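Summary of the model geometry
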Amino acid sequence: MMTIKAFRLLPLAALCALSGQVNAASATDARISELENQVSVLSEQQQSSIADRFQFDGFASLNLQVANNKAGYAGASDKLNLDEGSLFGLQTVFTINDSTQATVQLVSRGTELENWKPQIEWAFISHEFTHNLKGRAGKLRLPLFMLSDYLEVGYAQLGVRVPNEVYGNVVATSFTGADMLYDIELDDSSIQLQGFAGSHNLSSDKTKFRAQTKFDQIYGGVVSWTNDTVTLRSSYAQAKVTSQDNWTLSGNPVGATTFQNDEAKFYGVGARFDGENLFVMSEVTRTETQGFYPDADAAYVTAGYRIESVTPYFTVSHLKTKDNDGRKKASAQAAANFMQNPSKPTAFLAGSTQLQQELLDMQRTSYSVGARWDVYTNMALKADVTYVTDFGDTNGGLPGAVNAKMNGQSIDDTMVYTVKLDVVF
């Protein structure tokens, strides 16, 4: 009877076991589903966290300009042009941690030399050691001028372009190396000290003479003071300059234009007043270079007055080389050598030194009148008329004026008309 009863209970036991397995399987499935949900949430949080670490910004300029002749001031000619002065830029900042960031800036310019080819202007890592000490390493902007950090961002500039007599006299705008910035907080103002060092390879499409140039042993410093309304700034830099390429002008080679570890120095001082309505800014610079390249003094003053969303402005800018006599003597000596020993080499050297004198003896003054209309908080429309004159006994440092002289013509001044749209996003 016991055996029979036990057999009778077997189906019930099997049923109970099966029910337990089903419940266990259901619990396992529920647990797996819960784990999958948790993984999905964590994955989304991680992706969101990474996305939050990126900051994307952009800027663009559309520049329409035309001149009354072919002097070539600011790249303008007697034909309407939308490429020269136009650009598009993107900047990305990635936050590595609370103290460290990586920054990359890509810029595409429409100039005749670059023809919209994208180039990396910034690519550096920055680290805050303390709340007032920061270091950066990589490809950085060369901090020579008050507007060096905003050279590409037209929206951050009052006019249609930075003063060409001052900013156009230095061909290097960035370097690869490192800098340190130290901020000193005062009661109602602050002081920033900056030291930098590095090197730079300037490609041939960055210079109007199509010569690749190398800058070694770059180092310098900047001291600035500001109380948010008034800013005072001074800068110094020096480098060793080397170029194995002779210059090219209008497809023709210019001899004796190479460098070999020539020392170059830059000095600059600047001031800015940015009040509720009135804006005034000025910079004075001096460049000194060994060899045939010119030593030059340059300066400008810009004044603007805000009337609601419109700011009319006026700029006077001047440039003059200080070592014209040296190039004059070299040209005269080369000409005398040719007269004493007529040959192709002496003729080429005589022609090249004379062309150097025509190109590098510079004097000019520009007067700009314009207005800026802030259409939106991130868009500005500008119009400008610039008159360039006072060349003295030079060609104003303008290649077009040199070409005209070589063809028996003369350009003593030029007028440039510009309309520009600047945006940031």
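Here's a quick rundown of the structure. Just so it is clear, the structure is predicted and the values come from calculations on it, not from any experiment. Counting restarts for each chain: residues are numbered from 1 in the order of the written sequence. Per-residue local features of the predicted model are confined to residues with pLDDT of at least 70, and side-chain atom pairs are confined, for both listing and counting, to 80 or more; whole-chain, interface and lining totals are unaffected and use all residues. The basis for every side-chain value is the complete set of heavy atoms in the structure, and neither hydrogens nor water enter the calculation.

Describing the packing of helix 3 (residues 324–340) against helix 4 (residues 344–360)
Each axis is a line fitted through C-alpha atoms, and for a helix only the stretch in contact is used; angles between axes span 0 to 180 degrees, taken between their N-to-C directions. Counting from the N terminus, the helices are the DSSP runs of H or I reaching at least four residues and the strands are the DSSP runs of E reaching at least two. Where helix 3 meets helix 4, the closest approach of the two axes is 8 Å, and the angle between their N-to-C directions is 160 degrees. Of the possible angle classes, the one that applies to helix 3 and helix 4 is roughly antiparallel. The two elements helix 3 and helix 4 cross, and the hand of that crossing is left-handed. Contacts between helix 3 and helix 4 involve Arg 327, Lys 328, Ala 330, Ser 331, Ala 334, Ala 335, Asn 337 and Phe 338 on the former and, on the latter, Thr 346, Ala 347, Leu 349, Ala 350, Thr 353, Gln 354, Gln 356, Gln 357 and Leu 360. Of the residues in the contact of helix 3 with helix 4, the class split is 8 nonpolar, 7 polar and 2 charged. In this scheme, roughly parallel covers angles under 35 degrees and roughly antiparallel covers those over 145, while 65 to 115 is roughly perpendicular and the rest are oblique. It is the rotation of the near helix from the far one that decides the hand of a crossing: anticlockwise by less than a right angle makes it left-handed, clockwise makes it right-handed. Note on contacts: a residue pair qualifies if any of its non-hydrogen atoms lie within 4.5 Å across the two residues. Residue polarity follows a fixed list, in which Ala, Val, Leu, Ile, Met, Phe, Trp, Tyr, Cys and Pro are nonpolar, Asp, Glu, Lys and Arg are charged, and the others, Gly among them, are polar.

What to know about unusual backbone geometry
In this structure, Arg 210 is a non-glycine residue whose phi angle is positive, near 55 degrees. Positionally, Arg 210 belongs in the loop between strand 7 (190–202) and strand 8 (213–226). The phi angle at Ala 256 is positive, at roughly 60 degrees, despite the residue not being glycine. Mapped onto the secondary structure, Ala 256 falls in the loop between strand 11 (252–254) and strand 12 (259–274).

Some words on the packing of aromatic side chains
Pairing of aromatic side chains requires ring centres within 6.5 Å, counting the rings of Phe and Tyr and the six-membered ring of Trp. Pairs whose planes differ by under 30 degrees are stacked, by over 60 edge-to-face, and all others tilted. A complete count under the given rule lists 14 aromatic pairs for this structure. Pairing Phe 54 with Phe 56 gives two aromatic rings, centres 5.7 Å apart and planes at 10 degrees, and the pair type is stacked. With a 1.4 Å probe rolled over the protein chains alone, any residue whose accessible area is under 20% of its type maximum counts as buried; one over 50% counts as exposed, and the rest are partly exposed. Note on Phe 54: relative accessible area 36%, which makes it partly exposed. Summarising the aromatic geometry, the rings of Phe 209 and Trp 247 are spaced 4.2 Å apart at their centres and angled 5 degrees between planes, so their arrangement reads as stacked. Placement of Phe 209 in the loop between strand 7 and strand 8 and of Trp 247 in strand 10 (residues 247–249) is noted, with a sequence separation of 38 residues between them. Across the pair, exposure class does not vary: Phe 209 and Trp 247 are buried alike. What links up through ring pairs into an aromatic cluster is the set Phe 209, Trp 247, Phe 259, Phe 292 and Tyr 293. A cation over an aromatic ring shows up here: Arg 136 above the ring of Phe 124, its NZ or CZ 5.2 Å from the ring centre. Ring-over charges, as used throughout, are those where CZ of Arg or NZ of Lys falls within 6 Å of the ring centre and within 35 degrees of the ring normal.

Looking at a nonpolar patch on the surface
Together, Leu 62, Leu 64, Leu 80, Leu 82, Val 310, Trp 373, Leu 381 and Val 419 line one region of the surface with nonpolar side chains, adding up to about 690 Å² of accessible area. Within the secondary structure, Leu 82 sits in the loop between strand 1 (54–67) and strand 2 (87–95). Judged by relative accessible area, Leu 82 falls into the partly exposed class, the value being 46%. A patch consists of residues exposed above 30% relative accessible area that lack any salt bridge, with like charges linked at up to 9 Å and nonpolar side chains (Val, Leu, Ile, Met, Phe, Trp, Tyr) linked at up to 5 Å. Surface accessibility follows the Shrake-Rupley procedure with a 1.4 Å probe radius. Residue values consider only the protein chains on display as shielding. Between Lys or Arg on one side and Asp or Glu on the other, a salt bridge is scored when a side-chain nitrogen of the former is within 4 Å of a carboxyl oxygen of the latter.

Some points on the nonpolar core
One finds Tyr 167 and Trp 247 to be the most contacted residues of the largest nonpolar core, which totals 45 residues. Leaving out residues up to four positions away in the same chain, Tyr 167 has contacts with Phe 145, Met 146, Leu 147, Leu 151, Val 162, Glu 283 and Tyr 300. The nonpolar core is taken to be a set of buried Ala, Val, Leu, Ile, Met, Phe, Trp, Tyr and Cys residues, with the residues joined through side-chain atoms within 4.5 Å. The next biggest cluster of nonpolar side chains, apart from the first, holds 11 residues, and it includes Ala 71, Phe 391, Ala 401 and Ala 404.

Comments concerning the pattern of salt bridges
One pass over the full model with this rule turns up 19 salt bridges. Residue Lys 322 pairs with Asp 297 through a salt bridge whose shortest N-O separation is 3.9 Å. Separated by 25 residues along the polypeptide, Lys 322 in the loop between strand 15 (310–321) and helix 3 and Asp 297 in strand 14 (residues 296–305) bring together distant segments of the chain. Here the residues in one salt-bridge network are Arg 109, Glu 114, Glu 121, Arg 141, Glu 152 and Lys 206, joined through shared partners.

A short note on the environment of Tyr 155
Position of Tyr 155 among the secondary structure elements: in the loop between strand 5 (133–141) and helix 2 (164–167). For the pair Tyr 155 and Val 424, spaced 269 residues apart in the sequence, the C-alpha separation amounts to 6.8 Å. Beyond its immediate chain neighbours, meaning those up to four positions away, Tyr 155 contacts Arg 372, Asp 374, Tyr 376, Thr 377, Asn 378, Met 379, Ala 380, Lys 382, Asp 422 and Val 424.

Re the pairing of strand 5
Regular strands place side chains that alternate from one sheet face to the opposite one. Strands were regarded as paired on the criterion that DSSP finds at least two bridges between them. As paired elements, strand 4 (residues 118–130) and strand 5 share 7 bridges and run antiparallel to each other. Note that in strand 5 the partner of Phe 124 across the bridge is Gly 138. In sequence, strand 4 turns back onto strand 5 through a hairpin of 2 residues. Judged from the 9 bridges that link them, strand 5 and strand 6 (residues 174–185) form a sheet pairing that is antiparallel. Along strand 6, the bridge assignment pairs Lys 134 with Leu 181.

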